[in-house]
Amino acid sequence: MAMSDILVLLVVAAAGVGLSQAVVYKVGDAVGWTTMGSPNYTAWAISKTFHKGDTVVFEYNNTYHNVLEVRREDYKACKAASPIATYTSGNDSIKLKRHGHHFFICGKPGHCEAGQKVDIRIPKPTSSAAPSGSPAASPRPATGGKGDVSSPVASPGPSGAATAAPGGLAFALTLLHLAALAGGLLPQ
């Protein structure tokens, strides 16, 4: 492989560093997971673009609410009898590990019927290639504003799930520099 081919590969790799980072979303943004004020979780979910690997955080008063992951039929019927998973901490972080729909409801009587339910959909990746000259992926926002319906929120705690990766870019650029030195493109 020619040195110019190696350099092209390194530049492409460096450009891709940090573009597909996971984002953390607080369900309901500033309102959180509640029935108070009749939040519209459908509108909230539609306003986001979720990806595999993202995390959704449900913040709520666990005396009055919980989070149940359910099947489509149970979501539509607000049926809490046989959940896939149950969360009760009041601050539940759930990593979205697959494409498709993720259905969540509050299992307390009457809450789902009052609108405390959300369908989070992760679209399947498209198989079409990006046109020549266009980037294959767009950078994802790392943090968002408080209460801003269209912005993800920063990750709670030190997980780093919603932080940029400047170290990865520096590493890729160092590799590029070393390859240029080794190929005689730069003086030593």
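Scroll up for the structure.
Residues numbered from 1 in each chain as written. Predicted model: local features only at pLDDT ≥ 70, side-chain atom pairs only at ≥ 80, totals over all residues. Heavy atoms only, no water.

### Considering the state of the cysteines
Under the definition given, this model contains one disulfide. Lacking any disulfide linkage, C106 is separated from the closest cysteine sulfur, that of C112, by 8.3 Å. Residue classification places C106 among the buried residues on the basis of a relative accessible area of 1%. (Disulfide = S-S within 2.5 Å. Buried < 20%, exposed > 50% of the residue type's maximum accessible area, 1.4 Å probe, protein only.)

### Some thoughts on the packing of aromatic side chains
One pass over the structure, following the stated rule, counts six aromatic pairs. Taking the centre distance of 5.7 Å and the plane angle of 55° together, the rings of W44 and F50 count as tilted. Look at F50 and you get buried, because its relative accessible area is 2%. Taken together, W33, Y41, F58 and F104 form an aromatic cluster joined through their ring pairs. Above the ring of Y75, the side-chain terminus of K117 is found at 4.6 Å from the ring centroid. (Phe/Tyr/Trp six-rings, centres within 6.5 Å; stacked < 30°, edge-to-face > 60°. Lys NZ or Arg CZ within 6 Å of the ring centre and 35° of its normal.)

### Quick word on the sheet that holds strand β4 (residues 85-87)
Spatially, β4-β3-β6-β7 is the arrangement adopted by the four strands of the open sheet, whose pairing is antiparallel. One side of each edge strand has no neighbouring strand; the edge strands of this open sheet are β4 and β7 (117-122). Looking at each pair of strands side by side, their axes are set apart by 25° on average, direction ignored. Note: strand β3 (residues 67-70) against β4, three bridges, orientation antiparallel. Among the inter-strand pairings, L68 is bridged to a residue of β4, identified as T86. (Pairing = 2+ DSSP bridges. Helix = DSSP H or I, 4+ residues; strand = E, 2+ residues; numbered from the N terminus. Axes fitted to C-alpha atoms, helices over the stretch in contact; angles between N-to-C directions.)

### Some points on the pattern of salt bridges
Counted according to the given criterion, the structure contains two salt bridges. In this structure, the salt-bridge partner of E59 is K26, at a minimum N-O distance of 3.2 Å. Residue E59 is found in strand β2 (residues 55-59), and its partner K26 is found in strand β1 (residues 24-26); the two are separated by 33 residues along the sequence. Accessibility expressed as a relative area gives 30% for E59, which makes it partly exposed. We note a salt bridge from K48 to D29, for which the minimum N-O separation is 3.4 Å. Highlighted residues: K48 in the loop between α2 (41-46) and β2 and D29 in the loop between β1 and α2, separated in sequence by 19 residues. Each member of the pair, K48 together with D29, is buried. (Salt bridge = Lys/Arg side-chain N within 4 Å of Asp/Glu carboxyl O.)

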